[in-house]
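Listed below are the residues making up each chain.
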Amino acid sequence: MLYLLKIKLLGIKNHIKYLSFSGQLKIVFGIFIGLLFLWILYLIFYRVLSYIQSLPMIGSVLMLKFLAISFLTTFIMVLFSSVIVSFSTVYFSRDLFMLFSFPISTQKLFISKTIDVMLQSSWMMVLTMIPFLIAFAQVKNVNIDFFIGVIFLIIPFLFISTVIGVIISLLILYLFPSSKVRDIILVLTIIIGSIGYVLLRFLEPEKLANPDVFFDTMEYLAYLNAPVAKILPSWWITDALNSILIKKNSILLLNTIYLVSGAVLSVCLLIILSKKLYYQCWTAVQTNSNVRKKVSQIKINSSMFTNNIFYSLLIKDIKTFFRDTKQWSQILLVVALVIVYIFSIYKLPVRIAGNKEFTLFYLNDFIGFINIAGAGFILSALALRFAFPQISLERGNLWFLLFLPTDIKIVFMEKLCLACLLIIPSGLILVIITNSLLKVSTPIFFISTLTIIIISIGLTILAVGFGALYPKFSVENIAQIETSYGGLLFMLSAFVYIGLILVIESRPVQIFIYQKYVGKNYVDIVSLTGYNIIEFILINTIVIFVPIWYGIKSIRKYELREWII
Amino acid sequence: MDNNLAIKTLNLNKQFGNFYAVKNINIEISFGEIFSLLGPNGAGKTTTIKLLTGLLQPTAGEIFICGYNIQKEPNKSKKLIGLLPDNAFVYPKLTGIEYLRFVGDVYNVDISKQKKRIPELLSMFDLTSHANELVEVYSQGMRQKLLIASILLHEPKILFLDEPFYGLDPKMAKLVKDIFVELSKRGTTIFMCTHILEIAEKLAHRIGIINKGELIAVEDKNCLREKMKGTLEDIYLELTGGVQYAELIKYL
């Protein structure tokens, strides 16, 4: 049953075995960066959890609540991700034609593919959980039993959430084999998910750490003691781990039984459903049932494309972008992320100054400046999703693009322009709305808006440049491009870039806020700003021109050994 | 440089690490000639096409397309050629007609000419009724027909074809063969890689046989048959060492 996993492991082994020295160096560097990131996450979690534990009376209860919320988030994320990943892995994977021709039972194939989905959809969440759980264990001062419990219990926990996701996708495909209806259902599912995410944020879960918002102490304690979604496996694993801490073996046993029996039940359900539906669904999706319009006469619209390679490529990419429903779902998730971000920024001044009418007058300007970093991180995520994969997604058509009777830099610039069309307006919307909500002063409004426009351009160029330098052609879904080595390097560079911009701008902004506070100009701000402008121009010149130069050079050097990579 | 030649290579070499994919290839192909390159899997046929169309940089040697050096003047050369890869991918989210318009535009084909020629090509390849459907719903054969239509749109002087009959039904294969013969009569050069020896024997004026990256025979098909005695299949197997496989069949 694990033969598919074995093939994957062999592929990874062979990939590493035949790596060049520079390739091995890249992997070592990637692991180092990954570990560094996890260590930073650990430090943040440790600090937060130490503070929570130190809260008198409610510390331990609140810790349990956070553990439950983190497992609930993992459960939902893995479930959501497995719905999306299962489409490309379980039903549209390129190896299925070959696998279905082998004498393998449908059930075995379906379960193997489900395990593959589990690994793909959960590895990132599991990695993020590691620093959280280590910090939790350190704060709670637990022994090795806790980690043994985590290792044994997390497998059935992840398996149950994956199976639910796979079953949802199976039912969608069974009920809606027509690709158009299926796409609509998928988009509706994502809309509901996005609305749920936005609503969850609007509930302001951070209020948990602030008892003032509750009417009385008893109500607050009752709320904290209540289990988080008791019927879900996320609570079973939380309760089981907590029982290790409080040494109550009966609760541990009960929750372990829940988890294991849930996983066994999932396998049984998978076997039944795969017997009845999997092959039927797989064959149904192969035969597209869209209604075909018969055409008797061809009409060619003069404005369909233009006699210019750049614009023709751009129009082609815009058309294909909007016709691909996978992109719609991503846009919806981005919209949800932006709404949540705007809401968080809007609430920030009140949260810092307390739940009062009074907020410090310089606080809004300060947050308006910090907003550059927040918006920059959102834009980095957008650039990673929409700009970085641009070149990799052309894998099948690369022969055509390289064969075009034009300089390849036109293709690179067109990809850049396409990504800018999405990222610059997003940056502008983010900064204008947040600054308006914060009611920042005019100079800060002007500086942050201008900075975000330039950062948007810089991040887009960085993303397309890194995407050309580190293309990932042999993938089945976009997530694999984003989480590649190049994607990691891009995110790292993006963070350094945003950090440098903030450092450069911090001094003049600090002087401006202080002068506003004192009420008079005691320092010549222009002389200081002049120096910072030079640094700002220098950094952005590097970020704008170096990735373009390297990106184009990299595409020119592509060795197209196969027609379809 | 001899401008009367459609394709000319001088000591063409391509190495991938220590492996020679193409070794010292020298060919001269005239306008209006149909040249068929034969060889076993991995012999270097597709690599040769990629080198000739500028998709790969040679390790050594020179390539001239209609007199232009493809490394030095790639855009001028590429405007004069059409390429049909083996089992190629076409933008799935464009309709058939949009794909042809897109190809017409990137090759700078005049809009009025496109308006006339696209319906003709769609009709010729029996694609008119599917012109407004997305390419993703096309069958393999329909996609191949669309690709052939697209490379004929800008009326190239040289056609590079890698397994051009892949996925075509017998009726359409006959039509495509007739089109190539007619184009050749009008002066278009056709450079074709195929595994179907009958097609090469029937269509090509000259045949080249490549094995392990080296061009081991280039002859007029009639001369080749007279020299080597036997059918094209016998000659091919003798030159590429395929006869030994007959011995292995007994182990089945």
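Residues numbered from 1 in each chain as written. Chains lettered and ligands numbered in written order. Predicted model: local features only at pLDDT ≥ 70, side-chain atom pairs only at ≥ 80, totals over all residues. Heavy atoms only, no water.

Draft legend 1. Region of interest: the interface of chain A and chain B. Listed by partner, the interface residues are 43 residues for chain A and 54 residues for chain B. There are two salt bridges connecting chain A and chain B. In this structure, E98(B) engages R323(A) in a salt bridge whose closest nitrogen and oxygen atoms are separated by 2.6 Å. At the surface where chain A touches chain B, the tally comes to seven residue pairs in polar contact (both at pLDDT 80 or more). Tallying contributions element by element places helix α11 (residues 309–323) of chain A first for the side of chain A that touches chain B, with seven residues. Residues that form the side of chain A that touches chain B fall into these classes: 18 nonpolar, twelve polar and 13 charged. (Contact = heavy atoms within 4.5 Å. Salt bridge = Lys/Arg side-chain N within 4 Å of Asp/Glu carboxyl O. Polar contact = N/O pair within 3.5 Å; in protein donor to acceptor, adjacent residues only side chain to side chain. Helix = DSSP H or I, 4+ residues; strand = E, 2+ residues; numbered from the N terminus. Nonpolar A, V, L, I, M, F, W, Y, C, P; charged D, E, K, R; others polar.)

Draft legend 2. A look at the pairing of strand β10 (residues 206–211) of chain B. All names here are of chain B. Within β10, five of the six residues are buried, which leaves the element mostly enclosed by the surrounding structure. Pairing of strand β4 (residues 34–38) with β10, which is carried by four bridges, proceeds in the parallel orientation. Directly across from L37, in β10, lies its bridge partner G208. Pairing geometry for β10 and strand β11 (residues 214–220), over six bridges, is antiparallel. Within β11, the residue paired with I209 across the bridge is A217. The hairpin formed by β10 and β11 contains two residues between the paired strands, and K212 there has a positive phi angle of roughly 50°. (Buried < 20%, exposed > 50% of the residue type's maximum accessible area, 1.4 Å probe, protein only. Pairing = 2+ DSSP bridges.)

Draft legend 3. Up close: the confidence of the model for chain B. Mean pLDDT for chain B: 87, with 93% of residues reaching 70 or above. ipTM for the predicted complex: 0.82, alongside a pTM of 0.75. (pLDDT = per-residue confidence, 0-100.)

Draft legend 4. Layout of the side chain of K45(B). Topologically, K45(B) is positioned in helix α1 (residues 45–52). Of the buried charged residues, K45(B) lacks a salt bridge, with E163(B) as the closest side chain of opposite charge at 5.8 Å. (Lys, Arg positive; Asp, Glu negative; His and termini not counted.)

Draft legend 5. A look at the packing of helix α3 (residues 59–91) of chain A against helix α5 (residues 106–140) of chain A. Residue and element names in this part refer to chain A. Interaxial distance between α3 and α5 falls to 8 Å at its minimum, and their mutual angle equals 160°. One finds that α3 runs roughly antiparallel with respect to α5. For the element pair α3 and α5, the recorded crossing hand is right-handed. Considering only residue class, the contact of α3 with α5 consists of 17 nonpolar, eleven polar and three charged. (Axes fitted to C-alpha atoms, helices over the stretch in contact; angles between N-to-C directions. Parallel < 35°, antiparallel > 145°, perpendicular 65-115°, else oblique. Left-handed = near helix turned anticlockwise from the far one by under 90°.)

Draft legend 6. Just the pattern of salt bridges, in detail. Residues and elements named next belong to chain A. Using the criterion set out here, one finds 19 salt bridges over all chains in the structure. We note a salt bridge from E482 to R385, for which the minimum N-O separation is 3.5 Å. Taken together, the residues span a long stretch of sequence, with E482 in helix α17 (residues 478–482) and R385 in helix α13 (residues 363–386) at a distance of 97 residues. Here E482 matches R385 in class, with each residue buried.

Draft legend 7. Highlighting unusual backbone geometry. All names here are of chain B. A positive phi angle, near 45°, is found at N11, a position not held by glycine. Of note, N11 is situated in strand β1 (residues 5–16). One non-glycine residue, K212, lies in positive phi territory at about 50°. Within the fold, K212 resides in the loop between β10 and β11. What makes K212 exposed here is its relative accessible area of 68%.

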